[in-house]
Amino acid sequence: MQTDAQKLAVAPSTYVRMSYLEAIIQAQIEEMELDERVILMGEDAAVYGGDKLLERFGNRVWSTPISEGSFTGVAVGAAINGLRPIVDLTIASFVYLASDQIINQASKLRYMTGGQIAVPLVVRACMYSMKSVAAQHADRPYPFFMNVPGLKIISPTSPADIKGLLKSAIRDGDPVLVFEDTRLWPLKGDVPTNPERIIPIGKADMKCEGKDVTLIAIAGAIRPTMQAVDALAKQGISVEVIDPRTLKPLDHEAFKKSVAKTGRLVIVEDAHPVCNVGSEIAAVMVEEAFDLLKRPILRLSAPDIHVPFSPSLENDFYPTTERIVAAVRRLL
Amino acid sequence: MQLNGDQKLEAYRRMLRIRRFEEEGARQFKAGKIPGTFHLSVGQEAAIVGACLALRRDDAMTGTHRSHGHPIGKGARLDALMAELMGKEGGICKGRGGSMHLADRSVGIISESAIVGGGIPLATGCAFSAKVRGVDQVTLCFFGDGAVNQGTFHESLNMASLWKLPVIYLCENNGYAISTSIAQSHGQPDIALRAAGYGMPGVTVDGQDLSAVYEAARQAVARARAGNGPTLIVADTYRFYEHAFSLAIRGKPYRSAEEVERYKRERDPIVLFRSELLKQGIGDNILTAIEEDVIDAVKRAVKFALSSPTPCPDTLLDYMFSSPPPDYYSAVNGLERN
């Protein structure tokens, strides 16, 4: 079997098919090879896909004690003082424990010190919103952090996008939060092998071109959304899908461009409905692009209820293909 | 090992700089020239300067919300600090941080945290970086007795001990977290004993005695630089004024006027150090010259700060990012960057 390095050597400037999770690992390997300041730290670093990194960069991969609040702060201090740490918080529900260091320190230090300090930090967190992990493991906390100045937030949905955007995040001079949706981990796709192919933070991507309705899908919601696109196509309805990829800042220009074409907008995401990405996009579109809209904006999200344990309650908790299809049809 | 003659005079100078800077700051605050709030470290100068003098200039340091003494103790210039207190463009943080967030990277201060205990992981991370990069830099982490009960203290000391990080945890134990005494908040009031739980040395020193603090810090620095890991130093000290200048705490006093007066009368670290220097044969005229120099420096700092311009509203967006994403400001604010 070929190693990743061998695959890359035989196929420069081309593509290799790999899963979303493999693309995350590949991005980290490439950036760690390029820049010795890049290190990885987190709990059980070898367990969550980090074994390959540990083999290759033993002294730059740090398994930490269970101390999310402080090891995230340790990474902030290390970032200030010459390293470029990637913190793997594994399950996104644990990000609350680290939130003081992310919000009160990482996001504010550059500004509060009049630019004397930079915090080149990446914080990875995985949203495990499936398979009965229940309320304390299933959160999708990105809306909280969108309200914090000084943070960049990405949540890509394809293997190529996570590779390109994670590499941008690692090279960035500021704190970047990465929210990975674990329902995307097994998804396979063609990923550029060129280590210099990065995707800029802040640019949305059109995943599917259409003319009747614009669907903006966030993170794992892209999967039922793409299924809905197929179902709607069979009904003769042409849908355009935009993936913001970066949640802070949102690429509102890309949304407006699409809505200028379709006049109709549905936003689909798995976070709870109050003050989520959909709220933000809808507010900006109403303020700045009201004239482009032929119909009201619709938002689909998880209910304002904790994620239940029982599969019978969890199965339809997040926006389903059927609900997305129905929402699109309501706008026609 | 004792401080040499020059170091002694420098120690005296730095303690006086803290004292006079803060007394003058309090006057400016009262005169309405300093907005916000103002936490004095008067009374705690020996704990700060004694520890800082054990460091090299390129060693790192984190401070607390009682933040004026730490940068001065580490050797920062006074004018930009005073301008920062006044919210001026010439401030060390360009008027964005203010009294509780003074930082001066040029003398190794990576940050001061107004979140109690918030700076402890940062200092630990700073030391972690030195270890990973293989440099012999040491980090000094200041915090108060109140911060000892934060989770960050325990989590950070554990990691520092586990990884043998070159960090010195220096607790400025002034006995009160605002109005809450050690007796009211610590299940184990002997803070240095907590070090044993993390497998590191814990020492208590008289924080009003500059030489004692220096000696403890010097040993901790040597230990850290040699790769033997962290030390917890508890400097027992006292703040002569209220938690924050002009803060009125209503109800039953949490400490007696007699206690405060006794410390001011008998345990003033600058008075104690001055008499020690005189006893060692340093001339009164030398010390008086230093005192006059410091008063001049503080006057110049105030002059600089008063004449520094206020930040222009057009610069509101500055310093947010080292690399803002394309169209960031218009995307999130509808604002254009000039």
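Predicted, not measured: the structure shown is a model, and the values here were computed from it.

1. Examining the overall build of chain B
Item 1. Each helix and strand counted, chain B has 12 helices and eight strands in total.
Item 2. The C-alpha radius of gyration of chain B comes to 20 Å, within 12% of the 20 Å expected for a compact globule of 338 residues.
Item 3. Overall, chain B is about 60 × 50 × 45 Å in size when its C-alpha atoms are taken along their principal axes.
Item 4. Here the analysis covers contacts within chain B between residues at least 6 apart in sequence; of these, 74% occur between residues at least 24 apart.

2. Quick look at the interface of chain B and chain A
Item 1. At the junction of the two partners, chain B supplies 48 residues and chain A supplies 46 residues.
Item 2. Taken over both partners, the interface formed by chain B and chain A buries close to 3800 Å², and the fraction arising from carbon and sulfur atoms is 63%.
Item 3. Applying the counting rule to chain B against chain A returns zero salt bridges.
Item 4. Applying the counting criterion to the chain B and chain A interface returns 21 residue pairs in polar contact (both at pLDDT 80 or more).
Item 5. Elements represented by at least two residues in the side of chain B that touches chain A include exactly β2 (109–113), α5 (119–133), α6 (151–162) and α12 (328–333) of chain B.

3. Observations regarding the sheet that holds strand β4 (residues 84–91) of chain A
Residue and element names in this part refer to chain A.
Item 1. Ordered by their spatial adjacency, seven strands build an open sheet running β3-β2-β4-β5-β7-β6-β12, and the pairing between neighbours is mixed. Of all the strands in the sheet, the pair left with one neighbour each is β3 (61–63) and β12 (246–248). Averaged over all pairs of adjacent strands, the angle between their axes in this sheet comes to 20°, without regard to strand direction.

4. What about the environment of Asp59 of chain B?
Residues and elements named next belong to chain B.
Item 1. Following the sequence through the fold, Asp59 ends up in the loop between α2 (45–52) and β1 (60–64).
Item 2. The spatial distance from the C-alpha of Asp59 to the C-alpha of Ala46 is 19 Å, given a sequence separation of 13 residues.
Item 3. For Asp59, the residues in contact, after removing those within four places along its chain, are Lys74, Val107, Gly108, Asp136, Gln137, Val138 and Arg225.
Item 4. A polar atom in the side chain of Asp59 sits 2.9 Å from the backbone nitrogen of Val138.

5. Thoughts on a nonpolar patch on the surface
All names here are of chain B.
Item 1. Taken together, Ile178, Leu247 and Ile249 make up a surface patch of nonpolar side chains, about 220 Å² in accessible area.
Item 2. Along the chain, Ile249 turns up in the loop between β8 (231–236) and α9 (257–266).
Item 3. On the basis of relative accessibility, which here comes to 33%, the residue Ile249 falls in the partly exposed class.

6. Here we look at the pairing of strand β5 (residues 122–127) of chain A
Residue and element names in this part refer to chain A.
Item 1. Most of β5 sits out of view: six of its six residues are buried.
Item 2. Looking at chain direction, β4 and β5 are connected through four bridges and run parallel. Its bridge partner lying in β5, Ile91 is registered against Cys126.

7. A look at the confidence of the model for chain B
Item 1. Summarising the model, chain B shows a mean pLDDT of 95, and 99% of its residues fall at 70 or more.
Item 2. Interface confidence for the predicted complex, expressed as ipTM, amounts to 0.95; the pTM equals 0.95.

8. Considerations on helix α4 (residues 78–85) of chain B
Residues and elements named next belong to chain B.
Item 1. Where burial is concerned, most of α4 is hidden: eight out of the eight residues are buried.
Item 2. Residues Leu78, Asp79, Ala80, Leu81, Met82, Ala83, Glu84 and Leu85 constitute the buried set of α4.
Item 3. As for α4, its buried residues are in contact with α1 (5–30), α3 (69–74) and α11 (284–307).
Item 4. Following α4 by one or two positions, Gly87 has its phi on the positive side, about 70°.

9. Considerations on the nonpolar core
Item 1. By size, the foremost hydrophobic cluster in this structure holds 82 residues, and its most contacted members are Met41 of chain A together with Phe128, Phe143 and Tyr169 of chain B.
Item 2. Considering each element in turn, this core owes the most residues, seven residues, to helix α4 (residues 68–80) of chain A.
Item 3. Not counting residues up to four positions away in its chain, the partners in contact with Tyr169 of chain B are Ile120, Thr124, Cys141, Phe143, Ser156, Leu157, Ala160, Met200, Pro230, Thr231, Leu232 and Ile233 of chain B.
Item 4. Formed by 72 residues, the second largest nonpolar core is a distinct cluster that contains Phe21, Ala46, Cys52 and Ala80 of chain B.

10. Describing the side chain of Asp243 of chain A
Residue and element names in this part refer to chain A.
Item 1. Take Asp243: it is sitting in strand β11 (residues 239–243).
Item 2. Although Asp243 lies buried, it forms no salt bridge, and the closest oppositely charged side chain, Lys207, sits 4.2 Å away as judged by the N-O distance.
Item 3. At a separation of 2.6 Å, a polar atom in the side chain of Asp243 contacts the side chain of Thr157.
Item 4. A distance of 3.0 Å separates a polar atom in the side chain of Asp243 from the backbone nitrogen of Arg245.
Item 5. Residues contacting Asp243, with those up to four places away along its chain left out, are Thr157, Asp161, Ala204, Asp205, Lys207, Ala217 and Ile222.

11. A closer look at the packing of aromatic side chains
Item 1. Tallied over the entire structure, the rule returns 14 aromatic pairs over all chains.
Item 2. For the pair Tyr96 of chain A and Phe144 of chain A, a centre-to-centre distance of 5.5 Å together with 65° between the ring planes defines the contact as edge-to-face. Residue Tyr96 of chain A is located in the loop between β4 and α5 (99–106), and its partner Phe144 of chain A is located in helix α7 (residues 142–146); the two are separated by 48 residues in the primary sequence.
Item 3. Overall, the relative accessible area of 31% leaves Tyr96 of chain A in the partly exposed class.
Item 4. Judged by centre distance (5.9 Å) and plane angle (35°), the ring pair of Phe29 of chain B and Phe38 of chain B falls under tilted. By the burial criterion, Phe29 of chain B is buried, and Phe38 of chain B matches it.
Item 5. Members of the aromatic cluster, joined through ring pairs, are Trp62 of chain A together with Phe128 and Trp163 of chain B.

12. So, the packing of α1 of chain B against α4 of chain B
Residues and elements named next belong to chain B.
Item 1. It is at 12 Å that the axes of α1 and α4 come closest, and there the two elements cross at 30°. Classified by the angle their axes make, α1 and α4 are roughly parallel. Viewed along their axes, α1 and α4 form a crossing whose handedness is right-handed. Residue-level contacts link Arg17, Phe21, Glu24 and Gly25 of α1 to Leu78, Leu81, Met82 and Leu85 of α4.

13. Structural notes on the pairing of strand β4 (residues 167–173) of chain B
Residue and element names in this part refer to chain B.
Item 1. The buried fraction of β4 is high, at seven of seven residues.
Item 2. Every second residue of β4 is oriented toward a common face, with Val167, Tyr169, Cys171 and Asn173 on one face and Ile168, Leu170 and Glu172 on the other, all of them buried.
Item 3. Bridge analysis of strand β3 (residues 139–144) against β4 gives six bridges, and the strand direction is parallel. Paired with Phe143 across the bridge in β4 is Cys171.
Item 4. Tracing the backbone out of β3, into α6 and back to the parallel element β4 gives a crossover that is right-handed.
Item 5. Strand direction decides the pairing type here: β4 and β8, joined by six bridges, are parallel. Within the sheet, the bridge partner assigned to Asn173 lies in β8 and is Asp236.

14. Some points on the sheet that holds strand β10 (residues 213–217) of chain A
Residue and element names in this part refer to chain A.
Item 1. What the five strands build is an open sheet, ordered β9-β11-β10-β13-β14; its pairing is mixed. Across the chains shown, the open sheet's two edge strands, defined by having one partner strand only, are β9 (205–208) and β14 (298–300). This sheet shows a mean twist of 25° between the axes of neighbouring strands, independent of strand direction.
Item 2. Pairing of strand β13 (residues 265–268) with β14, which is carried by three bridges, proceeds in the parallel orientation. Bridge assignment links Val266 to a residue of β14, and that residue is Leu298.
Item 3. With respect to the sheet, helix α13 (residues 321–331) is in contact with β10, β11, β13 and β14, its orientation differing from that of β14 by roughly 175°.

Conventions adopted
- Residues numbered from 1 in each chain as written.
- Chains lettered and ligands numbered in written order.
- Predicted model: local features only at pLDDT ≥ 70, side-chain atom pairs only at ≥ 80, totals over all residues.
- Heavy atoms only, no water.
- Helix = DSSP H or I, 4+ residues; strand = E, 2+ residues; numbered from the N terminus.
- Rg over C-alpha atoms; globule rule 2.2 N^0.38 Å.
- Contact = heavy atoms within 4.5 Å.
- Buried area = accessible area lost by both parts, 1.4 Å probe.
- Salt bridge = Lys/Arg side-chain N within 4 Å of Asp/Glu carboxyl O.
- Polar contact = N/O pair within 3.5 Å; in protein donor to acceptor, adjacent residues only side chain to side chain.
- Pairing = 2+ DSSP bridges.
- Axes fitted to C-alpha atoms, helices over the stretch in contact; angles between N-to-C directions.
- Patch = residues over 30% accessible without salt bridge, like charges linked within 9 Å, V, L, I, M, F, W, Y side chains within 5 Å.
- Areas by Shrake-Rupley, 256 points an atom, 1.4 Å probe, with all protein chains shown as cover.
- Buried < 20%, exposed > 50% of the residue type's maximum accessible area, 1.4 Å probe, protein only.
- pLDDT = per-residue confidence, 0-100.
- Core = buried A, V, L, I, M, F, W, Y, C linked by side-chain atoms within 4.5 Å.
- Lys, Arg positive; Asp, Glu negative; His and termini not counted.
- Phe/Tyr/Trp six-rings, centres within 6.5 Å; stacked < 30°, edge-to-face > 60°.
- Parallel < 35°, antiparallel > 145°, perpendicular 65-115°, else oblique.
- Left-handed = near helix turned anticlockwise from the far one by under 90°.
- Right-handed = clockwise from strand over helix to strand, strands pointing away.

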